[in-house]
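# Results of the structural survey
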2 protein chains.
Amino acid sequence: MVRHILEYPKEVHNTVNRYKHQAVYALTTIHTIINTSPVLHVSFTPSPTDPFPVILPLIGQMASFSRPSASLGDSLDCYLHGYVSSRIMNLSRASGGKGLPICIAASKVDGLGTSAPSLPPLLLASSNTPKVLTLTPNSHNYNYRSAVLFGHATLVEDLEEKLWAMELITNSVVPDRWRHTRVPPNAAEMQSTQILKVKIDSGSAKVREGVPNDEKGDLGDKNVLGAVWTGVLPLYEQFGEPVPGPYNEVSEVPAHVLVYKETTNKTNFEYAEAAARKDAPVKKKEPGEEED
Amino acid sequence: MVRHILEYPKEVHNTVNRYKHQAVYALTTIHTIINTSPVLHVSFTPSPTDPFPVILPLIGQMASFSRPSASLGDSLDCYLHGYVSSRIMNLSRASGGKGLPICIAASKVDGLGTSAPSLPPLLLASSNTPKVLTLTPNSHNYNYRSAVLFGHATLVEDLEEKLWAMELITNSVVPDRWRHTRVPPNAAEMQSTQILKVKIDSGSAKVREGVPNDEKGDLGDKNVLGAVWTGVLPLYEQFGEPVPGPYNEVSEVPAHVLVYKETTNKTNFEYAEAAARKDAPVKKKEPGEEED
């Protein structure tokens, strides 16, 4: 079962014309997975003497402060927000300008197939792909989207960039939310908010979508075919009805919240349903693809 | 805004009677988050000379082979499956018996609050918690559940344990699926399937659920209260109708698939809706809790 391996072209800055079509496709897919994940898992090594890497859940978005109109297919930085302890801040500062080496991962599962051993389960991602039920545990699968990025993180200390990033990230949670709240942040809030900017070295994405497929041997076995139901269980995230809080005084739920709910629900549903029906990926090896 | 920090008690083996109530609660929460995540993010350091840790998405379950009837509140190992490259296998073997040091993370977002800078956004998790919309970007929040574990990974080479783990993991994707497929795996499938067993050193979980809360200053500001809708957008994963595949010959969708779909949908929905209505967490500092 193939997975589509999309690489961050190392030469993207130099040869965007030559690899233009491929580069845009790859970066767009990777950046979309990152930007539509509610939470990113970010790993770093706290100390050379500590064998354990640490994973923190943070929120983040791919964007460009210097080129704010850049598209998802362009080279972008990753802005991260979350609880940035003094440990990470010290590590970022101590890196001498280049930044703390980190790995960022995001996965979206779009569907369920009693995903089983072997090939596809690596390529798991959450929330918009169907589970794929096949004849054997080995050929089961998730439909999923997964992205991994490597880069160097530094603290954003320029106030203008920090404020821009705070708005970017707030709006990534609910689009347009920033201006509907009490802004700008006060001095204490600015002080207590830490934003990391990650310059990306490399990255890749893996995507599986489609109907089940099975090994020829099992497909030719009438006993197995007659006994095992095969298909896809689509899986998608849905928002429920907005629930007003205990000190809410605004009677109507604002349009920006309702629109976000409706469009997200529709998009998520349609993606998962479509992924459940697409032709199965063709089994072929990509150049450089590791053996399963 | 508090988050509930639940630790893997280090003395769990020795003092289960003394910390019994606390230990069970903490481990149960951590293990439930791990076991209900479609995908786990697992980080390790490929080499002491490479500054970047690597994150792989793998599927896994907490369980005990030596004590299969152990409950979620007991000390458990984590079994992982996915594409285990020769690199990881070599690293696991080269670790000299103790195993490769790894970090495992799982996050579930249960709801949306134009989660913003500062405190809570760290505590993000996906899929069953409402988003919490508050008055300021700073006080926004996700309702979420997040777990992080540290341990040592070794390859499972005992055939009986490997087969048990393959069934465990297959059934974690769709309960009871294993026996409804063509089993047992053949020799080639056994050969190509790699299972990692992770003995856990320590871990913790962070959970936020509840209605919004905001700083006193904003709550006392009538202009702000009159302008900003505050509440929770519940978020939950739902399965769609099963979609039969192109070579399916079984006309009725089996009960185990339908039951799984219905019960999961109901559980996910109810959790997110309840989390959207609970009292806001009380702001207090836990011993050892880092400052935001």
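Please read all numbers here as calculations on a predicted model, not as lab measurements. (Residues numbered from 1 in each chain as written. Chains lettered and ligands numbered in written order. Predicted model: local features only at pLDDT ≥ 70, side-chain atom pairs only at ≥ 80, totals over all residues. Heavy atoms only, no water.)

### Here we look at the pairing of strand β4 (residues 77-81) of chain B
All names here are of chain B. We count it as follows: Buried, partly exposed and exposed residues are distinguished by accessible area as a fraction of the type maximum, computed with a 1.4 Å probe on protein chains only: under 20%, between the cut-offs, and over 50%, respectively. Numbering goes from the N terminus for both helices and strands, where a helix is a DSSP run of H or I of at least four residues and a strand is a run of E of at least two. A pair of strands is labelled paired if DSSP reports no fewer than 2 bridges between them.
Taken across its five residues, β4 has five buried, putting it largely inside the fold. Of the strand pairs in this sheet, strand β3 (residues 54-63) and β4 are connected by five bridges, and their pairing is antiparallel. Its bridge partner lying in β4, A63 is registered against D77. Pairing analysis gives four bridges linking β4 to strand β8 (residues 195-208), with the strands arranged antiparallel. Each residue of the ladder has a partner; that of H81, found in β8, is I195.

### Quick look at helix α7 (residues 255-275) of chain B
Each turn of an α-helix holds 3.6 residues, which means side chains three or four residues apart point in the same direction. The following threshold applies: A helix is expected to span 1.5 Å multiplied by its residue count minus one.
For α7(B), which comprises 21 residues, the first-to-last C-alpha distance of 30 Å matches the rise-based estimate of 30 Å (1.5 Å per residue) to within 8%. Of the residues making up α7(B), those classed as buried are B:H256, B:V257, B:Y260, B:K261, B:T264, B:N265, B:N268, B:A272, B:E273 and B:A275.

### Details of the packing of aromatic side chains
Rules: Any Phe, Tyr or Trp ring, taking Trp's six-membered ring, that has another such ring centre within 6.5 Å forms a pair; planes under 30 degrees apart are called stacked, those over 60 apart edge-to-face, and the others tilted.
Tallying each qualifying case throughout the model produces ten aromatic pairs over all chains. Taken together, a centroid distance of 5.8 Å and an interplanar angle of 75 degrees make the contact between A:F52 and B:F150 edge-to-face. Of this pair, A:F52 sits in the loop between β2 (40-44) and β3 (54-63) while B:F150 sits in strand β7 (residues 141-155), which puts the two residues in different chains. In this structure, A:F52 and B:F150 share a single accessibility class: buried. When the ring of B:Y79 is compared with that of B:W164, the centres are 5.1 Å apart and the planes differ by 75 degrees; the resulting orientation is edge-to-face. Of this pair, B:Y79 sits in strand β4 while B:W164 sits in helix α3 (residues 159-173), placing them 85 residues apart in sequence. The class for B:W164 is partly exposed, based on a relative accessible area of 22%.

### Remarks on the confidence of the model for chain A
When pLDDT is low, close inspection of the predicted coordinates is not appropriate. All names here are of chain A. What counts is decided by this rule: Values of pLDDT, the confidence the predictor places in each residue, fall between 0 and 100. Residues are treated as being in contact if the distance between any of their heavy atoms lies within 4.5 Å.
A residue-level look at chain A finds 71% of positions with pLDDT of 70 or above and a mean pLDDT of 76. Here residues 12-19 is a poorly scored stretch, pLDDT under 50, and it has five contacts once near neighbours within four places are set aside; other chains count. Confidence over residues 284-292 falls short of pLDDT 50; this stretch has 13 contacts with residues more than four positions distant or in other chains. Across the assembled chains, the prediction reports ipTM 0.82 with pTM 0.82.

### Remarks on the state of the cysteines
Residues and elements named next belong to chain B. Inclusion rule: Put simply, a disulfide is two cysteine sulfurs that come within 2.5 Å.
For the structure on display, the rule yields zero disulfides over all chains. Counting only cysteine sulfurs, C78 is the nearest neighbor of C103, a cysteine outside any disulfide, at a range of 11 Å. Look at C103 and you get buried, because its relative accessible area is 0%.

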